[in-house]
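A closer look at the structure
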Amino acid sequence: MAPTVRTEATVRTGSGSPARATRWSDSLILVVTRRCDLRCAYCPTVKDGEPDLSPSDARRAVDLFVSRHGGGDCKLFGGEPLLVPEAVEAVIRHAPPSVNVYLSTNGSHLSRHWIDLLHSFPGVTLTVSLDGAAADHDGLRRGARTYDTVTRWLPELLRLPRFVVTQTIAPSTAARAAENFRHLRSLGLRKFNLLPGYFLPWTEAQLAALRVSFDAIAEDFESAWAAGERLYLRNLFVRAPTPFYNTGFVVDSDQRIYPNNLVLAGAFDGLRAATSIGTLDAPPSPDRLAEATAAAPAVLEAAVGAQVMESTRRADGELTRLCNRLYPAYFDMRARA
Ligand code: SF4
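Let me begin by describing the structure that accompanies this report. (Residues numbered from 1 in each chain as written. Predicted model: local features only at pLDDT ≥ 70, side-chain atom pairs only at ≥ 80, totals over all residues.)

Moving on: the packing of helix 9 (residues 204-226) against helix 12 (residues 306-336). The interhelical angle for the contact between helix 9 and helix 12, taken along N-to-C directions, is 15°, at an axis separation of 10 Å. Taken as axis vectors, helix 9 and helix 12 run roughly parallel relative to one another. Note on packing geometry: the crossing formed by helix 9 with helix 12 is right-handed. In this structure, helix 9 contributes Leu207, Leu210, Arg211, Phe214, Ile217, Ala218, Phe221, Glu222 and Trp225 to the contact, and helix 12 contributes Ser311, Arg314, Ala315, Glu318, Arg321, Leu322, Arg325, Leu326, Ala329, Tyr330 and Met333. Grouping the amino acids of the contact of helix 9 with helix 12 by side-chain chemistry returns 13 nonpolar, 1 polar and 6 charged. (Axes fitted to C-alpha atoms, helices over the stretch in contact; angles between N-to-C directions. Helix = DSSP H or I, 4+ residues; strand = E, 2+ residues; numbered from the N terminus. Parallel < 35°, antiparallel > 145°, perpendicular 65-115°, else oblique. Left-handed = near helix turned anticlockwise from the far one by under 90°. Contact = placed C-beta atoms within 7 Å. Nonpolar A, V, L, I, M, F, W, Y, C, P; charged D, E, K, R; others polar.)

Here it is as structure tokens:
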């Protein structure tokens, strides 16, 4: 999946947040392929003309990460990772207990094999994209009908120990985001990651609609928690030093290493040479990684047009606002549990 639908570390909760948050320095992000069978309307990933990560290189990246950091989160992204099943399976089977594996997929290549494998590795978190009811979900995929494909697997997916749905909210669907969220709940889904589309030109009206929708979703969470329902929002537990994209030890499908996955986006394609900090054969030192991470916000500001940057910042701000509103209710619920 692309960075805009995989940028789960978008909520700037601040170092003082009482929530247990994923630390960016503990994340390995493996772009196992940039290829994808879909063309989602909100996706900025450059998909063609790139190699895939081989299983042996994927394992090598995990080993390197473990030797440097001891462990942490390993996120399998794309493109669509399940188009390179050998590399995905290699990581799942190879990762030591100190590594939490996250697999993000558009769901169109789910199969009995993957369900069985995930039952065998219950520590792996599977995240599937489902943006709401069929009309919006398939509409955002420019008519590719994956809603039926994904929902067909839901009875099986709901039995997995760690299964999360990412609901991406595009500017065109912002007004229906709460409606779509309720539709997903009606399918039995309980674990969510909400994601407004980034690097898109949101209008004032769309941002206002996003706020209204997030308020309605917040009310749903608060009511559910007050009633003792176990409803989970992943956004409450992730943070990043800079919003909008995943930061960490990023290994691209061509083995180049970056301090974030911004480089997947077409807008940043020309910055590959300038932002790459090594390869699997010549990895960066931890200091070099930290230095490049610190420099990333300035690179981002310089590369994105002011209007898109501002609307991205504001869409992300709405997500942060949602989380900040929910923390008290979340901690109340935890205290009562
Ligand atoms: S599934 Fe959609 S968002 Fe993910 S990589 Fe493919 S086109 Fe992009």
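Right, picking up where we left off after that structure.
Position of glycine 79 among the secondary structure elements: in the loop between strand 2 (72-77) and helix 3 (85-94). A sequence separation of 46 residues divides glycine 79 from threonine 33, and the C-alpha atoms of the two residues are 5.5 Å apart.

Here we come to the environment of leucine 200. Relative to the assigned elements, leucine 200 resides in the loop between strand 6 (191-196) and helix 9. Apart from the residues lying within four places of it in its own chain, the contact partners of leucine 200 are Tyr42, Pro171 and Val308.

Turning to the sheet that holds strand 7 (residues 232-233), a few remarks are in order. With mixed pairing, the 10 strands of this open sheet are ordered in space as 7-6-5-4-3-2-1-8-9-10. The open sheet has two edge strands with one neighbour each: strand 7 and strand 10 (278-279). Bridging between strand 5 (residues 163-169) and strand 6 involves 5 bridges; their strand directions are parallel. By the bridge assignment for strand 6, valine 165 is matched with phenylalanine 192. Its contacts with the sheet place helix 2 (residues 55-69) against strand 1 (27-31), strand 2, strand 3 (99-105) and strand 8 (247-251), and it is angled at close to 165° to strand 1. (Pairing = 2+ DSSP bridges.)

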